[in-house]
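Spelled out, the chains give:
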Amino acid sequence: TEQAHTRVAYVPQDPFLFHATLEENITLGQQNYDLNSMEIALESSCLEHDLQFFPKGLKTELSEGGGNLSGGQRQRVNLAR
């Protein structure tokens, strides 16, 4: 059986986001990601609701550090990552 400590992740309170698209920030630039995994990540992080407010959805360009997002949105992007 899988040990509990292998299912733990660290998400900083003040996450760093790159000057890139929302999608690139979540995938860290990985080109061939699984769409199902992306959907699960968006749902699990509660970011899927926010997508409707981004002008280009996952293709929305983020400013360095995610200054064009709220603090909660920055955290949800990092959780999705």
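Preceding block: the structure.
Model, not experiment: these values are computed from the prediction.

Enquirer: Just to check I follow, could you spell out the overall build of the protein for this structure?
Expert: Tallying secondary structure elements over the protein gives 3 helices and 0 strands in all. Scanning the protein from its N terminus toward the C terminus, one meets helices and strands in the order α-α-α. Here the C-alpha atoms of the protein give a radius of gyration of 13 Å, agreeing with the 12 Å that 2.2 N^0.38 yields for 81 residues. C-alpha extents for the protein along the principal axes are approximately 45 × 25 × 20 Å. The 81 residues of the protein split such that 33% are buried. Per element, the accessible surface of the protein, about 5600 Å² overall, is 51% carbon and sulfur. Across the protein, the mean location of the 6 positive side-chain charges is 4 Å away from that of the 11 negative side-chain charges.

Enquirer: Explain helix H3 (residues 71–80) to me, please; I cannot follow it from the model alone.
Expert: For an α-helix, 3.6 residues make a turn, and residues three or four places apart therefore share a direction. Considered for burial, the residues of H3 that qualify are Gln73, Arg74, Val77, Asn78 and Ala80. Buried residues of H3 fall within an arc of 160 degrees about the axis and therefore sit on the same side. Buried residues along H3 sit in contact with helix H1 (22–27) and helix H2 (35–44).

Enquirer: Would you mind going over the pattern of salt bridges with me for this structure?
Expert: Side chains that differ in sign of charge can pair as their charged atoms come close. Using the criterion set out here, one finds 2 salt bridges in the structure. A salt bridge links Glu23 to Lys59; the shortest N-O distance between them is 2.5 Å. Of this pair, Glu23 sits in helix H1 while Lys59 sits in the loop between H2 and H3, and the two are 36 residues apart along the sequence. According to the relative accessible area criterion, Glu23 is buried, its value standing at 13%.

Enquirer: Explain the side chain of Thr21 to me, please; I cannot follow it from the model alone.
Expert: In this fold, Thr21 is placed in the segment before H1. Accessibility expressed as a relative area gives 11% for Thr21, which makes it buried. The contacts of Thr21, once residues within four sequence positions are left out, are Leu58, Lys59, Thr60, Glu61 and Leu62.

Enquirer: Which parts of the structure should I look at to understand unusual backbone geometry?
Expert: Its identity is not glycine, yet Leu28 carries a phi of approximately 55 degrees, on the positive side. If you trace the backbone, Leu28 turns up in the loop between H1 and H2.

Calculation rules
Residues numbered from 1 in each chain as written. Predicted model: local features only at pLDDT ≥ 70, side-chain atom pairs only at ≥ 80, totals over all residues. Heavy atoms only, no water. Helix = DSSP H or I, 4+ residues; strand = E, 2+ residues; numbered from the N terminus. Rg over C-alpha atoms; globule rule 2.2 N^0.38 Å. Buried < 20%, exposed > 50% of the residue type's maximum accessible area, 1.4 Å probe, protein only. Areas by Shrake-Rupley, 256 points an atom, 1.4 Å probe, with all protein chains shown as cover. Lys, Arg positive; Asp, Glu negative; His and termini not counted. Charge placed at Lys NZ, Arg CZ, Asp CG, Glu CD. Arc of directions from axis to C-beta. Contact = heavy atoms within 4.5 Å. Salt bridge = Lys/Arg side-chain N within 4 Å of Asp/Glu carboxyl O.

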